[in-house]
Amino acid sequence: MSAAASAAPSRSGRPGEVLVAFRNVSKVFRTGTGRAARDVVAVDDVSLEVRRGEIFGVIGYSGAGKSTLVRLINGLEPVTSGSLTVGGFEVAGRSETELAPVRRDIGMIFQQFNLFTSRTVAGNVEYPLKRAGWDKDRRRARVAELLEFVGLSAHAGSYPEQLSGGQKQRVGIARALATSPELLLADESTSALDPETTQEVLQVLQRANRELGITIVLITHEMDVVRAIADRVAVMQGGKVLEDGPTVDIFARPRTETARRFVSSVLHTVPDEREVERLRRAHRGRLVIVDVGDGVDIGGALSDGAALGVRFTIAYGGISVLQEQSFGSLTFELTGPEAAVQDVVDELARVTTVREVAA
Ligand code: ADP
C-alpha cells in the first residue's frame, strides 16, 4: 500500500485535482484449473490519472480491457499488482469492508441498465437511499428531485418494461446519482441504444457533470460518444493504454494506428482501404495524406512545390471542428519531377504528419 494513501477517501478536492490514479496497475484472470490453467492479462501495466470534474473516456475494441479497468476502480475486481487510488485512498489490497466508503462515493451505470423489473421507476431510484438508511420523507424528496433531473417525473409509477431504452438508462442514471456520488462509472452506457437516444442519454450525463460536478469515467467502443462528451480519452488495446490525452489532441494527432482508426471512424477524413483502392485506380501520382487544421501551415510547402513544377490535386479529405479547434486531413496527389515531389513531401513532413498511401 502506498505511504501517501489515507485511511478514507477524500471528498473535498478541487476540480482538476487527481481523483483516480492508476500506477502500473495489472489485472490477471486465472482461468481453468490444473493443466488447463491459463492467465489472461486483462489490464497490463496501466498508469493513468482521472481528474476531478472531467468526463474521461476509455475507448477500445471488445476485449481491450475497458470493463475490467473500470471495475478495478470500485473494487468489483481486485487489482493483481500496482497501486490504484481513489480520492487518495488506496483501493488495491483492501477487504470488502474497507472498500465500503469508497463504493459509497462511486455510482455505476450499465449497458443493460440492470434495473429491478419488479420495482417502479421511483422504487428503483429509492433503492440505494433505503440501503444508505435515509428516512422516508428525505427519500421521497430526493427521488422527486432526481426524476426531475433526468426528465422522468411523469413516469415515477411506471415499471421498467413500460419504458424505452433511453428512459431506462435515465432511471439508471438517477439511481446511480441518488446518494450524490463523486464519481460515476458508465460501462457502455449507450451501446444498447439508437443514435438519437444515445444523444439524449449523453446530454443527461453531460448535465450531471456540469451542473452537479460529478466526475465521469465512460467506457465505450464508439468514438462518436467520446467526441460528444469526453474531455480526455484513453485508447486501450490488449490491456494496455496506447495513448491518452485531451480528446481534441487525440482527434487532431492520433499517434497509434488504433487511435487513428477510431478517429477516422467518425471523421471520415482519411481514406479507408476501399477508398484507397479507388484512389489508386483514379490517380497515377504519389498519394500522401497530410494532417491539417489550426496551427498547421502547409502554404510554404505548396508554393515552393508549385515553383518546382509540382502539381497538387486534392483527392480526398475533410476538416472537422471539435471544442472550437479545426482539424482533419487532406489526401494529395502529387505529380511532377520526382526529386521536386520528394522535396515537397519532406517540407510537408516538417510542419505536420504526412502518411504515404502505398502504391
Ligand atoms: P472490454 O471491456 O474492453 O471488452 P474486458 O475488460 O471485458 O474488455 O476483457 C478483457 C479481457 O479479459 C478479455 O480477454 C476477457 O476475456 C478477459 N476477462 C474479462 N473478465 C474475465 C473474467 N472474469 N475471467 C476471465 N477472463 C476475463
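Residues numbered from 1 in each chain as written. Predicted model: local features only at pLDDT ≥ 70, side-chain atom pairs only at ≥ 80, totals over all residues. Heavy atoms only, no water.

Q: Quick question: what am I supposed to make of the sheet that holds strand S14 (residues 354–356) here?
A: Each strand in a sheet pairs with another by means of backbone hydrogen bonds, the pair being arranged parallel or else antiparallel. A sheet is described by the order of its strands in space; here 4 strands give the open sequence S12-S13-S11-S14, paired in antiparallel fashion. Taken across any chain shown, the strands that pair with only one partner, and hence form the sheet edges, are strand S12 (311–322) and S14. Within this sheet the neighbouring strands show an average axis-to-axis angle of 20°, counted without direction. Against the sheet, helix H12 (residues 338–351) makes contact with strand S11 (286–293), S12, strand S13 (325–335) and S14, and its axis sits at roughly 25° relative to S11, the strand it touches most. (Pairing = 2+ DSSP bridges. Helix = DSSP H or I, 4+ residues; strand = E, 2+ residues; numbered from the N terminus. Axes fitted to C-alpha atoms, helices over the stretch in contact; angles between N-to-C directions. Contact = heavy atoms within 4.5 Å.)

Q: When you look at the packing of helix H3 (residues 121–131) against helix H5 (residues 165–177) in this model, what are you seeing that I'm missing?
A: Between two packed helices, what matters for the description is the angle formed by their axes and the separation of those axes. At a minimum axis distance of 7 Å, the contact between H3 and H5 shows a crossing angle of 25°. Accordingly, the angle class assigned to the pair H3 and H5 is roughly parallel. In this structure, H3 meets H5 at a crossing whose hand is right-handed. On H5, the residues that touch Val121, Asn124, Val125 and Pro128 of H3 are Val171, Ala174 and Arg175. (Parallel < 35°, antiparallel > 145°, perpendicular 65-115°, else oblique. Left-handed = near helix turned anticlockwise from the far one by under 90°.)

Q: Would you explain the domain arrangement of the chain in this entry?
A: Accessible area lost upon the coming together of the parts serves often as the stated size of an interface. Segmenting the chain into domains produces domain 1 (3–17 + 47–79 + 95–265) and domain 2 (268–356). Of note, the centres of domain 1 and domain 2, computed from C-alpha atoms alone, are 40 Å apart. Contact residues are listed per partner, giving 9 residues for domain 1 and 9 residues for domain 2. Overall, the association of domain 1 and domain 2 removes approximately 920 Å² of surface from exposure, summing both partners, and the carbon and sulfur fraction of that is 57%. Where domain 1 meets domain 2, there are 0 salt bridges. At the level of elements, helix H8 (247–252) and helix H9 (257–267) are the ones that each hand at least two residues to the side of domain 1 that touches domain 2. Sort the elements by how many residues they give to the side of domain 1 that touches domain 2 and H8 lands first, with 4 residues. For the side of domain 1 that touches domain 2, the per-class residue count stands at 4 nonpolar, 3 polar and 2 charged. (Domains from an automatic or database assignment. Buried area = accessible area lost by both parts, 1.4 Å probe. Salt bridge = Lys/Arg side-chain N within 4 Å of Asp/Glu carboxyl O. Nonpolar A, V, L, I, M, F, W, Y, C, P; charged D, E, K, R; others polar.)

Q: Honestly, the pairing of S11 in this entry has me stumped. Any pointers?
A: Where a strand is regular, its side chains alternate between the two sheet faces. Counted residue by residue, S11 has 6 buried out of 8 residues, so it is predominantly covered. Pairing geometry for S11 and S13, over 8 bridges, is antiparallel. The residue bridging Val292 from the neighbouring strand is Gly328, located in S13. Where S11 and S14 come together, 3 bridges link them in antiparallel fashion. Of the residues in S14, the one forming a bridge with Ile289 is Arg355. (Buried < 20%, exposed > 50% of the residue type's maximum accessible area, 1.4 Å probe, protein only.)

Q: In this structure, what is going on with the pattern of salt bridges? I would like to understand it.
A: Two side chains carrying opposite charge are able to pair once their charged atoms lie near each other. For the coordinates displayed, the defined rule picks out 21 salt bridges. We note a salt bridge from Arg52 to Glu182, for which the minimum N-O separation is 2.2 Å. Pair noted here: Arg52 is in the loop between strand S2 (38–51) and strand S3 (55–59) and Glu182 is in the loop between H5 and strand S7 (183–187), with a separation of 130 residues, a long-range link. Across this residue pair, the class does not change: Arg52 and Glu182 are buried. A salt bridge links Arg207 to Glu211; the shortest N-O distance between them is 3.2 Å. Of the two residues, Arg207 and Glu211 both sit in helix H6 (residues 195–212), 4 residues apart, roughly one turn of that helix. Since its relative accessible area comes to 52%, Glu211 is described here as exposed. Each member of the salt-bridge network shares a partner with another, and the members are Arg14, Glu17, Arg52 and Glu182.

Q: What is the right way to read the site of the ligand from this model?
A: Every residue lining the ligand is accounted for by Phe29, Thr31, Val40, Ala42, Tyr61, Ser62, Gly63, Ala64, Gly65, Lys66, Ser67 and Thr68. Here an oxygen atom of the ligand sits 2.7 Å away from a polar atom, N or O, in the main chain of Gly63. Between Ala64 and the ligand, the recorded distance is 3.0 Å, taken from a backbone N or O atom to an oxygen atom. Protein contacts shield 62% of the accessible area of the ligand, which totals 560 Å² for the unbound molecule. Secondary structure elements with two or more residues in the shell around the ligand: strand S1 (18–31), S2 and helix H1 (66–73). (Near = heavy atom within 4 Å. Polar contact = N/O pair within 3.5 Å; in protein donor to acceptor, adjacent residues only side chain to side chain. Areas by Shrake-Rupley, 256 points an atom, 1.4 Å probe, with all protein chains shown as cover.)

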